[in-house]
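Here is how the chains run, residue by residue.
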Amino acid sequence: MKQPIGIEESLSFFLLEDEGILFSEGQQELYALNTPATYVWCCLEEGLTSDQISAAFSASFDVPLEQAAQNTGDLLSRWQASGYIRGVPNTAHTEIDWTTALARLMASPSLREEFENSPAAVTKELMVASSDRQPLESLSPAALEFEALQLQISKSSKLSENFLKSRQFVLWSSTAGMSRKSVLQAALDARAVRRGRMNRVRYYRLLTTTVAIRFSSAAEEARVHPALAHLEVEPARSDAVLEVLDAEGGHVLLDGIAPFGFCRDLARVTPRLKTLLLQKAVQRHSYVLQIHAGVVSDGQKCMLLPAAPGSGKTTLTAALTAAGFQYFSDEVALLEEPDLEVRSVPISLSVKSGALEVLAPLFPQLRRSANHAREDFEIVTYLNPPAASFRYDLNQTYPVGWIVFPKYSARAITELRPIGKAEALARLMGEILVVAKPLDKRMVRSLVQWIRRVECYELPNSSLSQAVQLISRLLNSPKPVVM
């Protein structure tokens, strides 16, 4: 009798309605499984062999046995290649090259253990091409284990990537102006020129962080302050001091005594300061997940709008704010333990040039606002949320009631479509900017329990007004309305 297929010990499986979530703690990977894949995994957990799984799949989904065997065999082979299971018979009897075999070894601790005991048996089991067997068998098991460890460390480090990896920061030049002097020297020279003069200082508070920004000229202050005005507080003890120094050929930006950038003109200053202020506030705050999303609220629960850049997320967030929703953020959702509730991070909205005319009827002040040049070469205008959108406690967290994935396309039919919880969680993970600590089984279980309480939708749209109407109706009806 054929032996059941083995499941790696670091794997955890969670049911979400009729779909599933597969989590590998060792590889720090999370995947959504659709209903058929979930069924196959449940068969694995029940100890069925590959033939038994094929037969059960054929009966349950009413497909011919031959087709069921092919479909389930392909899925099992992919899971084995990913290092999630072991002992899958190679029903196709097709050879693989050494690079594919090496990838399977790197992904599977148990397979590496078998390789240490008998390299020849493993190369045969993996159906490695005959021309590649000898080189693969000659690999050092210790070297394989070391490389696998380095790969795991690399994956873990990516979970805590900072803003350098989140499309909000790029490298800056270490020289300043036409003289090509160092930024540090330019800062020292600028300080020497204005020694003894009064600083222009403004104080801003975001989350629990107060940042003082010093300006060396009225022009700098007039350019930067409007984008941060809604965050201004009375002079207080600051957690950080940023400084803008009018220097030869531009402006030097300092974080304390350390220069962190040089801007050739004023149009580039505000985006750099806004990004650093946000970064400092988030870094000093305790949270579990940082998600790239717009966030609005009805006063009781939040709605997350996760989306990649260019999806119309900020435009939709701004329009919802104009429609009376409370504004939390247009780019950051911070989920906090123990209940994964969301706290407001109300940084000003970054309106790109393409959305300016769309939002100007809702926010006439945009036509009078200054343009700014971001480091990704986008020209943006900063929109401070209206005071009415802050009718809530900034120090409180709020539960998430809805997740809506917006995607603007000029040809799209604007409609709100329910999506499965497993798919929604997988999509949400794709928009994570930072994980405060490596995921474990407890955390993933919390995520699964959390998303069970959340309504999940996607929103393809070509009409901003219709999209706003659909979301507004969603708050009063559990079912989406198609327009």
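Overview of the structure. Values in this document were obtained by computation on a predicted structure and should not be read as measured data.

### Comments concerning the packing of aromatic side chains
Counting across every chain of the model gives 10 aromatic pairs. For the ring pair Trp41 and Trp79, a centre distance of 4.9 Å and an interplane angle of 85° mean the geometry is edge-to-face. Highlighted residues: Trp41 in helix α1 (residues 35–45) and Trp79 in helix α3 (residues 65–81), separated in sequence by 38 residues. For the pair shown, Trp41 and Trp79 are each scored as buried. The interplanar angle of 25° and the centroid separation of 4.5 Å between the aromatic rings of Phe57 and Phe61 together place this pair among those described as stacked. Here Phe61 and Phe57 lie together in helix α2 (residues 50–61), a separation of four residues that amounts to about one turn. With relative accessibility at 29%, the residue Phe61 sits in the partly exposed group. Of the aromatic side chains, those joined through ring pairs into one cluster are Phe328, Phe390, Tyr392 and Tyr398.

### Thoughts on the sheet that holds strand β25 (residues 432–435)
Strands in a sheet are paired, the pairing made by backbone hydrogen bonds, and the direction either parallel or antiparallel. Reading across the sheet, the five strands line up as β22-β18-β17-β13-β25 and stay open at both edges, with antiparallel pairing between neighbours. Bordering the open sheet on either side are β22 (397–398) and β25, each of which pairs with just one other strand. Taken together, the three bridges between strand β13 (residues 289–291) and β25 define a ladder with antiparallel strand orientation. When the sheet's bridge partners are listed, Ile291 is paired in β25 with Ile432.

### Topic: unusual backbone geometry
Note that the residue after Glu337, namely Pro338, is joined by a cis bond; omega there is 10°. Of note in this structure, Glu17 is not a glycine but carries a positive phi near 55°. With phi around 55°, Leu207 is a residue other than glycine that occupies positive phi space. Structurally, Leu207 can be placed in the loop between β8 (200–206) and β9 (209–215).

Rules used throughout
Residues numbered from 1 in each chain as written. Predicted model: local features only at pLDDT ≥ 70, side-chain atom pairs only at ≥ 80, totals over all residues. Heavy atoms only, no water. Phe/Tyr/Trp six-rings, centres within 6.5 Å; stacked < 30°, edge-to-face > 60°. Helix = DSSP H or I, 4+ residues; strand = E, 2+ residues; numbered from the N terminus. Buried < 20%, exposed > 50% of the residue type's maximum accessible area, 1.4 Å probe, protein only. Pairing = 2+ DSSP bridges.

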